[in-house]
Amino acid sequence: MSSSNQVPDPEVPAKARSRAYSAAYKARILEEYDGLDKAGKGALLRREGLYTSLISAWRQQRDQAALAALAKPAGRPPADPVERENGKLRRDVERLQAELDKARKVIEVQGKLSALLGQLATDSPSSGSEPTR
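The rules behind the values
- Residues numbered from 1 in each chain as written.
- Predicted model: local features only at pLDDT ≥ 70, side-chain atom pairs only at ≥ 80, totals over all residues.
- Heavy atoms only, no water.
- Helix = DSSP H or I, 4+ residues; strand = E, 2+ residues; numbered from the N terminus.
- Buried < 20%, exposed > 50% of the residue type's maximum accessible area, 1.4 Å probe, protein only.
- Contact = heavy atoms within 4.5 Å.
- Phe/Tyr/Trp six-rings, centres within 6.5 Å; stacked < 30°, edge-to-face > 60°.
- Salt bridge = Lys/Arg side-chain N within 4 Å of Asp/Glu carboxyl O.

Visitor: Talk me through the overall build of the protein; I want residue IDs and the actual numbers.
Guide: Each helix and strand counted, the protein has 4 helices and 0 strands in total. Each helix and strand of the protein, placed in order from N terminus to C terminus, yields the pattern α-α-α-α. Counting the 133 residues in the protein, one finds 11% classified as buried. For the protein, the proportion of contacts with a sequence separation of at least 24, taken over those separated by at least 6, is 51%.

Here it is, written out as structure tokens:
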């Protein structure tokens, strides 16, 4: 027989491939595994094609994730310094805009008052209408 005519064995893959397990699958298997007796655990491992080392690793991952979640500080996460600075600057701009609007109104009123006083000064007789004693 020549080597080019040989058919590979279909039971053995040419290259081993790693299996990827979702978090939901791992959680489901761990929950089921923990509720079984020794014979049931073996049957579950055979049915799913798993090893006890995977179960141990998954438990460790679950426990580390739980510890990380517990170590996370409660409440609102700290604000990004850039966002905090942006918020402060926006508030400053709004405050300054309000002050500018108020200053513009004051200047407008002063202009109208000046014009009114100027008109009154030209309309009044300057012939000494002040009362004498």
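Visitor: Could you give an account of helix H2 (residues 38-48), with specific residues and numbers?
Guide: One turn of an α-helix holds 3.6 residues; hence residues three or four places apart share an orientation. Along H2, the residues classified as buried are Gly40, Gly42, Leu44, Leu45 and Glu48. Taken together, the buried residues of H2 touch helix H1 (23-34) and helix H3 (52-71).

Visitor: Tell me about the packing of aromatic side chains, and please be specific about residues and values.
Guide: Under the definition given, this model contains 3 aromatic pairs. Considering the side-chain rings of Tyr21 and Trp58, the 5.0 Å spacing of their centres and the 70° angle between planes classify their relative orientation as edge-to-face. On the criterion of sequence distance, the pair formed by Tyr21 in the segment before H1 and Trp58 in helix H3 is long-range, its members being 37 residues apart. Each member of the pair, Tyr21 as well as Trp58, is classed as buried. On the numbers, 6.1 Å between centres and 80° between planes, the contact of Tyr25 with Trp58 is edge-to-face. Here the residue Tyr25 occupies a position in helix H1, and Trp58 occupies one in helix H3, the gap between them amounting to 33 residues. Of the two residues examined, Tyr25 and Trp58, each falls in the buried class. A network of ring pairs unites the aromatic residues Tyr21, Tyr25 and Trp58 as a single cluster.

Visitor: Which residues make up the pattern of salt bridges, and what values go with them?
Guide: Side chains carrying opposite charge are able to pair once their charged atoms draw close together. Applying the stated criterion across every chain, the model contains 8 salt bridges. Salt-bridge contacts for Glu108 lead to Lys112; the nearest nitrogen and oxygen are separated by 3.4 Å. Within this pair, Glu108 and its partner Lys112 are both found in helix H4 (residues 81-123), separated by 4 residues, close to a single helical turn. Where salt bridges share partners, they join Asp34, Arg59, Arg62 and Asp63 into one cluster.

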